[in-house]
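Chain by chain, the residues:
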Amino acid sequence: MSILGEKIIEMENKFRSLIIFEFQERFPDEDSCYQYLTELKWSTGFVCPNCGHTHYCNGKRKFDRQCTSCHRIASPTSGTLFHQLKFSVLKAFYIVYYVSTSKKGISSTELSRKLGLRQKTCWKFKVKVMKAMESSGNHKINGNAEVDETVIGGQEEGVVGRKNRKKKLVVFAIERNGKGVSRMYGKVIKQSSSKELGGFMKTTIDLNAQIKTDKWRGYSPLAKDFKNLSQVNSGEKGGNFPDLHRCIMGFKGWLRGMHHHVENLQAYIDEYCYRFNRSNMKEGIFDNLLTRMVKADPFPYKKPIII
Ligand SMILES: [Zn+2]
C-alpha cells in the first residue's frame, strides 16, 4: 500500500476504514486508475477524436492509443474531466471517492489536509467533480411535484444594503412519494418570471406530473404546458409545503455549515441534489460519478473562486 493510503486509513475510524479498504484494494496505484479510465472511456471501442477511425496501435506511454490512420494519440484522460490533470491520478480518484461517499460532502480544505495537496489545487479539481454532478435531465419528476423559490444569502444572512450582490434567487422542485421526498432539483434564477420558472420546470418535471405551487402569478401561465398544475396558498411560513421547505432548510443548513458563501451557488446545488437523489445507492455512487467524469467534456478552470 502507498504511503498516502496508509495515512488515510490511519485517519479513518473503524467503519469508514472498512469501506476505504475496499476502495484501496481496487485502486492500489496509478496504473489501476488508468486501467479503469481506459475501460470506461473505450467501453464501446476506440474512436479517434480527430478522424473517427476505429483502429489503433499502442502509444509510447502505457494506456495511450494511437490512431492508425491519422496517428493522433489519445490518452485515457484526454477529452474527459481528468484532462490535463496537474497531480497524481490516484489522488484525483481519492477526491472523487471522498466527494461521492462523504454523507455531507467534503471541503477543499479537508481534502487538502487528507491528501497533502494545496487547497486551491483540491478546489480546482473539486469544481470539475461538481460539474459531473449536474443533473442529466434524464430522470424527470413524474409523480407528485412541489415547486417554490427561495432567497439564499444576502439579508437573510444578516448582510445589509440594497446592492447586495450575494443575494440569489433559487427555484427548487421536489418529488414526493409515500415515504417522503425521493428527489430534489434546484436552479439559480434571475427573477421569478414564468419564463425562468417554466424553463427550470421543463428540464426537471414531466409535463404530466401532479404539480403544486403557491399562488405566485409567475406559475399561472405554466398551466398551459403542465396540465396537472395546481396553485394553493402557501400558508403561514409555507406551512402547506412542509416537505419542500424542510428540503430547502436542509440545503441552506448544509451550505452554511460547509461553505459560508454563495459564490458558485449552482455548483453547490448540483452537488447537494446529486447526493440527495442518490442517498439510497451508496454502493454505485463512486462508479457513477467516475463514469460521468469520463463521459463529460473537459471543463477548463477559468476564473478564481473564493472559498
Ligand atoms: Zn485518427
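Reading the values: the criteria
Residues numbered from 1 in each chain as written. Predicted model: local features only at pLDDT ≥ 70, side-chain atom pairs only at ≥ 80, totals over all residues. Heavy atoms only, no water. Phe/Tyr/Trp six-rings, centres within 6.5 Å; stacked < 30°, edge-to-face > 60°. Helix = DSSP H or I, 4+ residues; strand = E, 2+ residues; numbered from the N terminus. Buried < 20%, exposed > 50% of the residue type's maximum accessible area, 1.4 Å probe, protein only. Lys NZ or Arg CZ within 6 Å of the ring centre and 35° of its normal. Axes fitted to C-alpha atoms, helices over the stretch in contact; angles between N-to-C directions. Parallel < 35°, antiparallel > 145°, perpendicular 65-115°, else oblique. Left-handed = near helix turned anticlockwise from the far one by under 90°. Contact = heavy atoms within 4.5 Å. Nonpolar A, V, L, I, M, F, W, Y, C, P; charged D, E, K, R; others polar. Donors = N, O, S within 2.8 Å, 3.2 Å for Na, K, Ca; no water. Tetrahedral: all angles 85-135°; square planar, octahedral: opposite > 155°, others 65-115°. Polar contact = N/O pair within 3.5 Å; in protein donor to acceptor, adjacent residues only side chain to side chain. Expected span 1.5 Å × (residues − 1). Pairing = 2+ DSSP bridges.

Undergrad: Can you break down the packing of aromatic side chains residue by residue, with the values?
TA: Both the distance between ring centres and the angle between the ring planes are used here to describe each pair of aromatic rings. Scanning the model with the defined rule gives 24 aromatic pairs in all. Plain terms: the ring middles of phenylalanine 23 and tyrosine 94 are 5.0 Å apart, the flat faces sit at 70° to each other, and that makes the pair edge-to-face. Separated by 71 residues along the polypeptide, phenylalanine 23 in helix 2 (residues 14-26) and tyrosine 94 in helix 4 (residues 89-101) bring together distant segments of the chain. Take phenylalanine 23: its relative accessible area is 4%, and that puts it in the buried class. One aromatic cluster is present, formed by Phe23, Phe27, Tyr36, Phe82, Phe87, Phe93, Tyr94, Tyr97, Tyr98, Phe125 and Phe286 through successive ring pairs. In this structure, arginine 26 is placed above the aromatic ring of tyrosine 36, and the distance from its NZ or CZ to the ring centre is 5.2 Å. The positively charged end of arginine 278 is found above the aromatic ring belonging to tyrosine 274, 4.0 Å away from the centroid.

Undergrad: Describe in detail the packing of helix 3 (residues 30-41) against helix 4, supporting the description with residues and values.
TA: Running from N to C, helix 3 and helix 4 point in directions that differ by 70°, and their axes come no closer than 8 Å. As summarised for this structure, helix 3 and helix 4 are arranged roughly perpendicular, according to the angle between their axes. Note that helix 3 runs across helix 4; the crossing there is left-handed. Together, Glu30, Cys33, Tyr34, Tyr36 and Leu37 of helix 3 and Val89, Leu90 and Phe93 of helix 4 make up the contact between the two elements. Each residue belonging to the contact of helix 3 with helix 4 can be placed in one class, and the counts come to seven nonpolar, no polar and one charged.

Undergrad: Quick rundown of the packing of helix 3 against helix 10 (residues 285-295)? Include the residues and the values.
TA: Contact pair helix 3 / helix 10: the axes reach a minimum separation of 10 Å and the direction vectors enclose 65°. Overall, the two elements helix 3 and helix 10 adopt an arrangement that is roughly perpendicular. Considering the relative orientation of helix 3 and helix 10, their crossing is right-handed. When helix 3 is examined against helix 10, the residues Tyr36, Leu37, Leu40 and Lys41 are found in contact with a partner set consisting of Asp287, Leu290, Thr291, Val294 and Lys295. Across the contact of helix 3 with helix 10, the residue classes tally to five nonpolar, one polar and three charged.

Undergrad: I'd like to hear about the coordination of the zinc ion, residue by residue, with values.
TA: Binding of the zinc ion to the protein goes through Cys48 (SG), Cys51 (SG), Cys67 (SG) and Cys70 (SG), at separations of 2.3 Å. Geometry at the zinc ion is tetrahedral, judged from the four donor atoms that bind it and their angles of 103 to 116° at the metal. Spacing between the donor residues of the zinc ion along the chain follows C-x2-C-x15-C-x2-C. Taking relative accessible area as the criterion, cysteine 48 reaches 3% and is therefore assigned buried.

Undergrad: Break down the side chain of arginine 275 for me, with residues and values.
TA: Residue position: arginine 275 is located in helix 9 (residues 265-277). Separated by 3.0 Å, the side chain of arginine 275 and the backbone oxygen of valine 99 make a polar contact. At 2.6 Å, the side chain of arginine 275 and the side chain of glutamate 271 are in polar contact. Apart from the residues within four sequence positions on either side, arginine 275 is in contact with Val99, Ser102, Lys103, Lys104, Gly105, Met133 and Trp254.

Undergrad: Tell me what's going on with helix 4, and back it up with residues and numbers.
TA: Relative to the 18 Å expected for 13 residues at 1.5 Å per residue, helix 4 spans 18 Å between its end C-alpha atoms, a close match to the ideal helical length. Across the 13 residues of helix 4, 13 count as buried, placing the element largely inside the fold. The N-cap residue of helix 4 is serine 88: its side-chain oxygen and the backbone nitrogen of leucine 90 are 3.1 Å apart.

Undergrad: Can you tell me about the sheet that holds strand 3 (residues 73-74), naming the residues and giving the values?
TA: Taken together, three strands build an open sheet; the order of strands is 1-2-3 and the sheet is antiparallel. At either margin of the open sheet sits one strand with a lone partner, and together these are strand 1 (56-58) and strand 3. Of the pairings in the sheet, the one linking strand 1 to strand 2 (residues 65-67) comprises three bridges and is antiparallel in character. The partner of asparagine 58 across the bridge, within strand 2, is arginine 65.

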